[in-house]
Amino acid sequence: MKALVVSLPEDADLAKELARRLDAELGEVEIRSFPDDETYVRVDSPVEGRAVIVACTLNRPNQKFLPLIYLAETIRELGAQTIGLAAPYLSYLRQDASFRPGEGLTSRYFGRLISGAFDWLVTVDPHLHRYTNLDEVYSIPSVVVEAAESIAAWIKTEVERPVLVGPDEESYQWVSSVAAAGNFPSFILEKTRHGDYDVAISGRSTPTWSSQQPVIIDDIISTGRTMIEAVRHLSELDLKAPICLGVHGLFVGDAFQVLEEMGVAKIVTCNTVPHSTNAIDVLGPLAEAVAELLE
Ligand code: R5P
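This section reports on the structure supplied with the text. (Residues numbered from 1 in each chain as written. Predicted model: local features only at pLDDT ≥ 70, side-chain atom pairs only at ≥ 80, totals over all residues. Heavy atoms only, no water.)

## Examining the overall build of the protein chain
And then number 1: From N to C terminus, the protein chain includes 8 helices and 16 strands.
And then number 2: In terms of overall dimensions, the protein chain has a C-alpha envelope of 65 × 45 × 35 Å along the principal axes.
And then number 3: Residue burial in the protein chain is summarised as follows: out of 295 residues, 52% are buried.
And then number 4: Once local pairs closer than 6 in sequence are excluded, the contacts in the protein chain between residues at least 24 apart make up 65%.
And then number 5: Carbon together with sulfur atoms contributes 47% to the accessible area of the protein chain, which is approximately 13,900 Å² in total. (Helix = DSSP H or I, 4+ residues; strand = E, 2+ residues; numbered from the N terminus. Buried < 20%, exposed > 50% of the residue type's maximum accessible area, 1.4 Å probe, protein only. Contact = heavy atoms within 4.5 Å. Areas by Shrake-Rupley, 256 points an atom, 1.4 Å probe, with all protein chains shown as cover.)

This is the structure in structure tokens:
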């Protein structure tokens, strides 16, 4: 029997794409809100004894979380053999330490809740900074798909004389993998975050880079303040207007508009969160990882 792919309504395109790439069946479910905002869930496709994949990219996680868990619980009760979560973007990894007394370690709580509802998890470049791998947070088997090869391939075809720029220490892991995959030069800046919207970037370039096309690479573009300040800093260093490249483009609030108005060369993201900037496909490698898990 073919595997079944289902999703919340907002991830219908993702589910369709994964079902196509996996040669799986696209499941029929109805999920809607009652007038008082409680969630109604009905699974119409037969799931008993089947491998079921829930496609859900975890942007806007608070909004998606309860319907997602209800969907998984319904599928479990209907007798599915296994239930996996294909989440191109995995949220709740940035609070990876308690920085002040009394702070909740939400990454762990989120990991615990997801691990209680699913049998496995596949994602793309999760924000692993203080954690070395997802096993520290998730008790279910997980597979991490790296976007570096796809990003490097895009840069190779689209950018002449690139130099990769990491806006902060954390970006080193992503920048260095893309640099290694494409044999590109790179350098890393320094970031101090004073608040959600208050970021300062510093660091040096060398004269060698002034004729090259900077490509700022970060894993997440959320408020955009890291990118925005990195763009501002590069202009102070007299480098060319950069390409801004994020693996996961959340573009909260005015992030996209502000970046565009700064006159950057291009804004590009991987297709882990639907956005007009999606130019780099990582759903192929994601589907391959899911297929391997199903075997
Ligand atoms: C954290 O340090 C991440 O790697 C990103 O730099 C960060 O999430 C970007 O957030 P924002 O767009 O809000 O500056």
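## Observations concerning the nonpolar core
And then number 1: One finds Ile-151 and Ile-155 to be the most contacted residues of the largest nonpolar core, which totals 42 residues.
And then number 2: When residues no more than four places from it in sequence are discounted, the contact partners of Ile-155 are Pro-162, Leu-164, Val-178, Phe-184, Val-215, Ile-217 and Leu-245.
And then number 3: Core analysis: the second largest hydrophobic core is formed by 35 residues, Leu-4, Phe-65, Ile-83 and Ala-117 among them. (Core = buried A, V, L, I, M, F, W, Y, C linked by side-chain atoms within 4.5 Å.)

## Describing the pattern of salt bridges
And then number 1: A full pass over the atoms with the stated rule returns 14 salt bridges.
And then number 2: As a salt-bridge pair, Asp-119 and Arg-76 come within 3.2 Å of each other at their nearest N and O atoms. One end of the pair, Asp-119, is in the loop between helix H3 (106-117) and strand E7 (120-124); the other, Arg-76, is in helix H2 (residues 61-77), with 43 residues separating them in the sequence.
And then number 3: Given the relative accessible area of 24%, Asp-119 is considered partly exposed.
And then number 4: When its relative accessible area of 33% is taken as the criterion, Arg-76 is described as partly exposed.
And then number 5: When salt bridges with common partners are traced through the structure, they connect Glu-17, Arg-20, Arg-21 and Asp-281 into a single cluster. (Salt bridge = Lys/Arg side-chain N within 4 Å of Asp/Glu carboxyl O.)

## Re unusual backbone geometry
And then number 1: Although it is not a glycine, Arg-60 sits at a positive phi angle of roughly 45°.
And then number 2: Residue Arg-60 is classed as partly exposed on the basis of its relative accessible area, which comes to 46%.
And then number 3: Positioned with a positive phi, Tyr-92 is a non-glycine residue whose angle comes to about 55°.
And then number 4: Checked against the element boundaries, Tyr-92 lands in the loop between strand E6 (82-87) and H3.

## A few points about the sheet that holds strand E8 (residues 142-145)
And then number 1: Taken together, 6 strands build an open sheet; the order of strands is E2-E1-E5-E6-E7-E8 and the sheet is parallel. The outermost strands of the open sheet, each flanked by one partner alone, are strand E2 (25-26) and E8.
And then number 2: The pairing of E6 with E7 spans 4 bridges and is classified as parallel. The partner of Leu-85 across the bridge, within E7, is Leu-121.
And then number 3: Taken strand by strand, helix H1 (residues 12-22) contacts strand E1 (4-7), E2, strand E5 (51-55) and E6, and its axis lies near 170° from that of E1. (Pairing = 2+ DSSP bridges. Axes fitted to C-alpha atoms, helices over the stretch in contact; angles between N-to-C directions.)

## Description of the packing of aromatic side chains
And then number 1: Under the defined criterion, the tally for this structure stands at 5 aromatic pairs.
And then number 2: Seen from their ring centres, Tyr-92 and Phe-110 are 4.8 Å apart, and the 35° between their planes marks the pair as tilted. Here the residue Tyr-92 occupies a position in the loop between E6 and H3, and Phe-110 occupies one in helix H3, the gap between them amounting to 18 residues.
And then number 3: Since its relative accessible area comes to 29%, Tyr-92 is described here as partly exposed. (Phe/Tyr/Trp six-rings, centres within 6.5 Å; stacked < 30°, edge-to-face > 60°.)

## Observations concerning the environment of Gln-95
And then number 1: Tracing the backbone through its elements, the reader meets Gln-95 in the loop between E6 and H3.
And then number 2: Relative accessible area serves as the criterion here: at 23%, Gln-95 is assigned to the partly exposed category.
And then number 3: Sequence spacing of Gln-95 and His-129 is 34 residues, and the spatial spacing of their C-alpha atoms is 9.9 Å.
And then number 4: In contact with Gln-95, not counting residues within four places along its chain, are Glu-103, Gly-104, Leu-105, Thr-106, Ser-107 and Tyr-131.
And then number 5: A polar atom in the side chain of Gln-95 sits 3.0 Å from the side chain of Glu-103. (Polar contact = N/O pair within 3.5 Å; in protein donor to acceptor, adjacent residues only side chain to side chain.)

## As for helix H6 (residues 225-236)
And then number 1: The first and last C-alpha atoms of H6 sit 16 Å apart over 12 residues, in line with the 16 Å expected at 1.5 Å per residue.
And then number 2: By the burial criterion, the buried members of H6 are Arg-225, Thr-226, Met-227, Ile-228, Ala-230, Val-231, His-233 and Leu-234.
And then number 3: Just past H6, the residue Asp-238 takes up positive phi, approximately 65°. (Expected span 1.5 Å × (residues − 1).)

## Quick notes on the sheet that holds strand E9 (residues 162-166)
And then number 1: Spatial strand order, E10-E9-E13-E14-E15-E16: 6 strands in an open sheet with parallel pairing. The open sheet is flanked by strand E10 (186-188) and strand E16 (278-280), the only strands paired with a single partner. Strand-to-strand twist in this sheet, taken as the mean axis angle between neighbours without regard to direction, amounts to 35°.
And then number 2: Contacting E9, E10, strand E13 (213-221) and strand E14 (243-249), H6 runs over the sheet at an angle of about 160° to E13.

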